[in-house]
Amino acid sequence: MKDKNIVITGGNAGIGFETAKELARMGANVYIVGRDKTKVESAVQQIISETGNKSVKYFIANMSSQKSIRQLAEQIKKELPKVDVLINNAGGVFPKFQLSEDGLEMCIATNHFAYFLLTNLLLDLIKKSDYARIINVASGSHYRGKIDFESFTRDKGHFILTAYEQSKLANVLFTFELAERLKGTNVTVNCLHPGMVKTDIGIKDTQWYSKLFWTLISQIAGISVKDGAKTSIYLASSDKVKGVRGKYFDKCAIKEPVPLANDKNLQKQLWDFTEKHIVN
Ligand SMILES: NC(=O)c1ccc[n+]([C@@H]2O[C@H](COP(=O)([O-])OP(=O)(O)OC[C@H]3O[C@@H](n4cnc5c(N)ncnc54)[C@H](OP(=O)(O)O)[C@@H]3O)[C@@H](O)[C@H]2O)c1
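This text gives an overview of the structure that appears in the document. Computed from a predicted structure; not experimentally measured.

1. Observations regarding the sheet that holds strand S7 (residues 248-250)
Within a sheet, neighbouring strands are paired by backbone hydrogen bonds and run either parallel or antiparallel to one another. Sheet architecture is open: eight strands sit in the order S3-S2-S1-S4-S5-S6-S7-S8, paired in mixed fashion. Lying at the two open borders of the sheet, with one neighbouring strand each, are strand S3 (56-60) and strand S8 (253-254). Bridge count between strand S2 (residues 29-34) and S3: five bridges; the pairing is parallel. Bridge pairing in S3 links Val 33 to Phe 59. Contacts from helix H5 (residues 160-181) reach strand S5 (133-137), strand S6 (188-193) and S7, with the element oriented near 160° to S6.

This is the structure:
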């Protein structure tokens with residue numbers, strides 16, 4: 001992976017951190033995106049000291065803010081001549097209904113709109129690479145997802161899991177629509193389920209019973225963060241996926257997503273709705 005520029009959002013913790021570390025170990029230039037300077041700097045230092053690769057840097061951005069994402073894209077464009085791999089990974093769960101500064105429900109804003117906006121803003125830079133891979137970290141939760149466009153902007157009885165499942169189905173729909181739009185270019189885009197992974201995702205900003213639920217279920221049924229990063233690392237680095245596009249992966253293998261994810265009308269509707277709600 002030497003000389004490859006890899007940008008990974010949410011690279012300071014959990015699956016993103018492990019992915020960034022292993023890609024750094026392979027010799028890539030790794031650019032972590034995170035929202036908290038202290039946490040991000042400490043993650044970068046840890047990766048450098050564990051891998052010996054000094055080419056690990058960071059950008060600060062809040063992925064629930066379109067303004068911040070735009071500033072991030074500008075910084076990346078100034079600093080990098082090309083992006084070889086973009087890994088959209090930052091995400092979370094949101095127990096309460098809350099609007100982002102752009103008037104979007106926080107879960108869909110962070111987990112879907114950020115993937116959409118950053119990818120589109122960096123597309124020209126990605127096209128400059130002859131490697132050109134976009135990887136969207138989705139989830140097996142998408143199998144239970146439904147898209148309710150009204151819930152993107154108003155509270156229709158917010159529930160933590162329903163909002164998360166919807167946002168992760170949006171990741172798969174977005175991946176498939178983007179793959180279609182990128183036909184005839186050098187860019188590939190795929191998405192993945194990392195597995196149920198023992199990270200802190202379910203205990204950040206959640207109520208005590210959600211924390212308890214996540215801690216119990218992830219400790220009993222969850223896999224290690226090292227294993228949870230394997231499919232992201234595979235999609236970023238393996239020759240076996242060269243030229244493969246528009247697929248959903250689980251355990252480093254192509255898997256059939258929920259049938260709804262293949263609905264071409266829904267893919268296009270989501271694209272159009274998202275585009276309309278991007279603040280200029
Ligand atoms: N863990 C699982 O079982 C599981 C299963 C399926 C899919 N996934 C997906 O895997 C991805 C990574 O999740 P994880 O389990 O590794 O969670 P995690 O340990 O909580 O890590 C999430 C990362 O995203 C960052 N992030 C969240 N919101 C952000 C924002 N507004 N701006 C900037 N950065 C933000 C976090 O930053 P902070 O450190 O500042 O919070 C952190 O670096 C997510 O897309 C998630 O949906 C996870």
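Structure shown, so let's carry the discussion forward.
2. Quick word on the pairing of S6
Counted residue by residue, S6 has six buried out of six residues, so it is predominantly covered. Alternating positions in S6 separate into two faces, Thr 188, Asn 190 and Leu 192 on one and Val 189, Cys 191 and His 193 on the other, with burial throughout. Both S5 and S6 contribute to a ladder of five bridges, which runs parallel. Bridging across to S6, Arg 133 finds its partner in Thr 188.

3. Side note on the site of the ligand
Taken together, 28 residues are adjacent to the ligand, and Gly 10, Gly 14, Gly 91, Ser 139 and Thr 199 come closest. Per-element accounting of the shell around the ligand gives the leading share, three residues, to helix H1 (residues 14-25). Classifying every residue of the shell around the ligand by side-chain character gives nine nonpolar, 14 polar and five charged.

4. Describing the environment of Arg 154
Counting through the fold element by element, Arg 154 comes out in the loop between S5 and H5. Remark: the alpha-carbon pair of Arg 154 and Gly 103, spanning 51 residues in sequence, is separated by 8.8 Å.

5. Brief notes about the packing of helix H4 (residues 106-127) against H5
Contact geometry for H4 and H5: axes closest at 8 Å, N-to-C directions at 15°. One element, H4, and the other, H5, form an angle in the roughly parallel class. In this structure, the crossing between H4 and H5 has a hand that is right-handed. Taking contact as the criterion, the partners of Cys 107, Ile 108, Asn 111, His 112, Tyr 115, Phe 116 and Thr 119 in H4 are, on H5, Ala 163, Tyr 164, Gln 166, Ser 167, Lys 168, Ala 170, Asn 171, Phe 174 and Leu 178. Of the residues in the contact of H4 with H5, the class split is nine nonpolar, six polar and one charged.

6. Here we look at helix H8 (residues 230-237)
Burial within H8 is extensive, with seven of its eight residues counted as buried. All of the buried residues in H8 are Lys 230, Thr 231, Ser 232, Ile 233, Leu 235, Ala 236 and Ser 237.

7. Thoughts on the pairing of strand S1 (residues 5-9)
Most of S1 sits inside the fold, with five of its five residues counted as buried. Of the two faces of S1, the one lined by Asn 5, Val 7 and Thr 9 and the one lined by Ile 6 and Ile 8 are each fully buried. Judged from the five bridges that link them, S1 and S2 form a sheet pairing that is parallel. Of the residues in S2, the one forming a bridge with Ile 6 is Val 30. For the crossover from S1 across H1 to S2, the handedness is right-handed. Pairing of S1 with strand S4 (residues 85-88) involves three bridges; the strand directions are parallel. Residue pairing across strands places Ile 8 opposite Ile 87, the latter belonging to S4.

So, how was this worked out
- Residues numbered from 1 in each chain as written.
- Predicted model: local features only at pLDDT ≥ 70, side-chain atom pairs only at ≥ 80, totals over all residues.
- Pairing = 2+ DSSP bridges.
- Helix = DSSP H or I, 4+ residues; strand = E, 2+ residues; numbered from the N terminus.
- Contact = placed C-beta atoms within 7 Å.
- Axes fitted to C-alpha atoms, helices over the stretch in contact; angles between N-to-C directions.
- Buried ≥ 20, exposed ≤ 12 C-beta atoms within 10 Å, placed from the backbone.
- Near = placed C-beta within 6 Å.
- Nonpolar A, V, L, I, M, F, W, Y, C, P; charged D, E, K, R; others polar.
- Parallel < 35°, antiparallel > 145°, perpendicular 65-115°, else oblique.
- Left-handed = near helix turned anticlockwise from the far one by under 90°.
- Right-handed = clockwise from strand over helix to strand, strands pointing away.

Honestly, it's all geometry; don't read function into it.
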